[in-house]
Amino acid sequence: MTPSPTVGTGNPDTLAPHAPLPLYYNNEVEHQAFLRRIFDSTAADYDRIEAVLAFGTGPSYRRAALQQAGLAAGAEVLDVGIGTGLVAREALKIIGPTGKLTGVDPSAGMMEQVKLPGVELLEGVAEAIPRPDASADFVSMGYAMRHISDVAAAFSEFHRVLRPGGRVIVLEITKPEGRIATALLKGYMRAVVPLIARVVGRQRNTSELWRYYWDTIEACIPPARVMQALGDVGFTDVRRHPSLGVFSSYTARKPEQIAKAA
């Protein structure tokens, strides 16, 4: 495959999920500071509002996606961007008592909300995962790709920490095709969701978080480039499984044997 095109500004070798969003930040230093502030300060509200917005279907969707990606009992899972543990909770139901799960996230506030026994939590970012090479059977990332700084670097790290034959899943919200669908989702995310957040949430910044969510959805790199980025770092069997025109589940596999250069 040809190299992935660069999105945004800065390092020409960087595949950023979107250009800087001036309403929230103007450069990478401000980006990281904003993410820690907004996620740390809204962590206590996150699960409550997510449950309202998903009408209770979130757990079943996440569990089905993990199973479709090949997660099985006894697997050693690395959940990158674990947040409050929404994906990890469903993964634990699948891997059972013989499996193991480690979560990585830059937000200490979010990880404080993870109430999952036996889960190891590490503070870190997707572009530099604090785990050894070939230490996981399965890597998951749930709705965090839009917030990382360099998609290519993150996917390279996923490949590094996976054992040969290991699998990866990236769950993300995708901007709909078509103007009408986009306008409807934008109105929902920019007006209705913040209103729900103000009513149901208890933290002052919660409505700001959900407005930011739409802005990152609207600006995020398209599905074809996500799939290309996975292939560029060495993953095979790269697939996208869309649902309801909004949700995307990207799955891929690390080859059993890595081809050596001649």
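Just above, that's the structure.
Everything quoted here is computed from the prediction, not taken from an experiment.

**Student:** Requested: an account of the packing of aromatic side chains, with residues and values cited.
**Tutor:** One pass over the structure, following the stated rule, counts 6 aromatic pairs. Relative to Y212, the ring of Y24 has its centre 5.0 Å away and its plane inclined at 75°; by these criteria the two rings are edge-to-face. Of the two residues, Y24 sits in the segment before helix 1 (28–53) while Y212 sits in helix 7 (residues 206–219), which places them 188 residues apart along the sequence. Exposure class is identical for Y24 and Y212. Each is buried. Arranged with centres 4.9 Å apart and planes meeting at 65°, the rings of F34 and Y212 form a pair that is edge-to-face. Placement of F34 in helix 1 and of Y212 in helix 7 is noted, with a sequence separation of 178 residues between them. Among the residues examined, F34 registers a relative accessible area of 5% and is labelled buried. In textbook terms, an aromatic cluster arises when at least three aromatic residues are bridged by ring pairs, as seen for Y24, Y25, F34 and Y212.

**Student:** Hey, could you go over the pairing of strand 4 (residues 136–142) for me, with residue numbers and the actual values?
**Tutor:** Burial runs high along strand 4: 6 of the 7 residues are buried. Sheet topology places strand 1 (residues 76–80) next to strand 4; 4 bridges connect them, and they run parallel. Along strand 4, the bridge assignment pairs D79 with S140. Pairing geometry for strand 4 and strand 5 (residues 162–173), over 6 bridges, is parallel. By the bridge assignment, V139 is partnered in strand 5 with V168.

**Student:** Please provide a residue-by-residue account of the pattern of salt bridges, values included.
**Tutor:** Enumeration over the complete set of coordinates arrives at 11 salt bridges. We note a salt bridge from K93 to E90, for which the minimum N-O separation is 3.3 Å. Within this pair, K93 and its partner E90 are both found in helix 3 (residues 86–95), separated by 3 residues, close to a single helical turn. Residue class for E90 comes out buried when judged on its relative accessible area of 3%. Of the charged contacts in the structure, one is a salt bridge between E157 and R160, with a shortest N-O distance of 2.7 Å.

**Student:** An account of the sheet that holds strand 4 is requested, with residue identities and associated values reported.
**Tutor:** Across the sheet, 7 strands lie side by side as 3-2-1-4-5-7-6; this open sheet has mixed pairing. Taken across any chain shown, the strands that pair with only one partner, and hence form the sheet edges, are strand 3 (120–123) and strand 6 (236–243). Averaged over all adjacent pairs, the angle separating strand axes in this sheet is 15°, with direction ignored. Contacts from helix 8 (residues 223–232) reach strand 6 and strand 7 (247–253), with the element oriented near 155° to strand 6.

**Student:** Lay out the layout of surface pockets in plain terms, naming residues and giving numbers.
**Tutor:** Counted as a void, the largest pocket has a volume near 1,100 Å³. Around the largest pocket, the lining comprises 49 residues; the ones closest to its centre are Y46, Y143, I173, W210 and Y213. Among the secondary structure elements, those contributing two or more residues to the lining of the largest pocket are helix 1, helix 2 (58–68), strand 1, helix 3, strand 4, helix 6 (179–200) and helix 7. For the lining of the largest pocket, the class distribution of residues is 30 nonpolar, 13 polar and 6 charged.

**Student:** Describe helix 6, listing the residues and the values that go with them.
**Tutor:** Given a rise of 1.5 Å per residue, 22 residues ought to cover 32 Å, and the 30 Å separating the end C-alpha atoms of helix 6 matches this to within 8%. If you look at helix 6, its biggest bend is around 30°, right at M189. Listed as buried for helix 6 are T182, L185, M189, V193, P194 and A197.

What counts, and where the lines are drawn
Residues numbered from 1 in each chain as written. Predicted model: local features only at pLDDT ≥ 70, side-chain atom pairs only at ≥ 80, totals over all residues. Heavy atoms only, no water. Phe/Tyr/Trp six-rings, centres within 6.5 Å; stacked < 30°, edge-to-face > 60°. Helix = DSSP H or I, 4+ residues; strand = E, 2+ residues; numbered from the N terminus. Buried < 20%, exposed > 50% of the residue type's maximum accessible area, 1.4 Å probe, protein only. Pairing = 2+ DSSP bridges. Salt bridge = Lys/Arg side-chain N within 4 Å of Asp/Glu carboxyl O. Axes fitted to C-alpha atoms, helices over the stretch in contact; angles between N-to-C directions. Contact = heavy atoms within 4.5 Å. 1 Å grid on protein atoms, 1.4 Å probe; cavity = no way out; pocket = protein on both sides within 12 Å on 5 of 7 lines; lining within 4 Å. Points joined across faces, edges and corners; volume = space filled by probe spheres on them. Nonpolar A, V, L, I, M, F, W, Y, C, P; charged D, E, K, R; others polar. Expected span 1.5 Å × (residues − 1). Bend = angle between axes of the 7 residues up to and from the residue.

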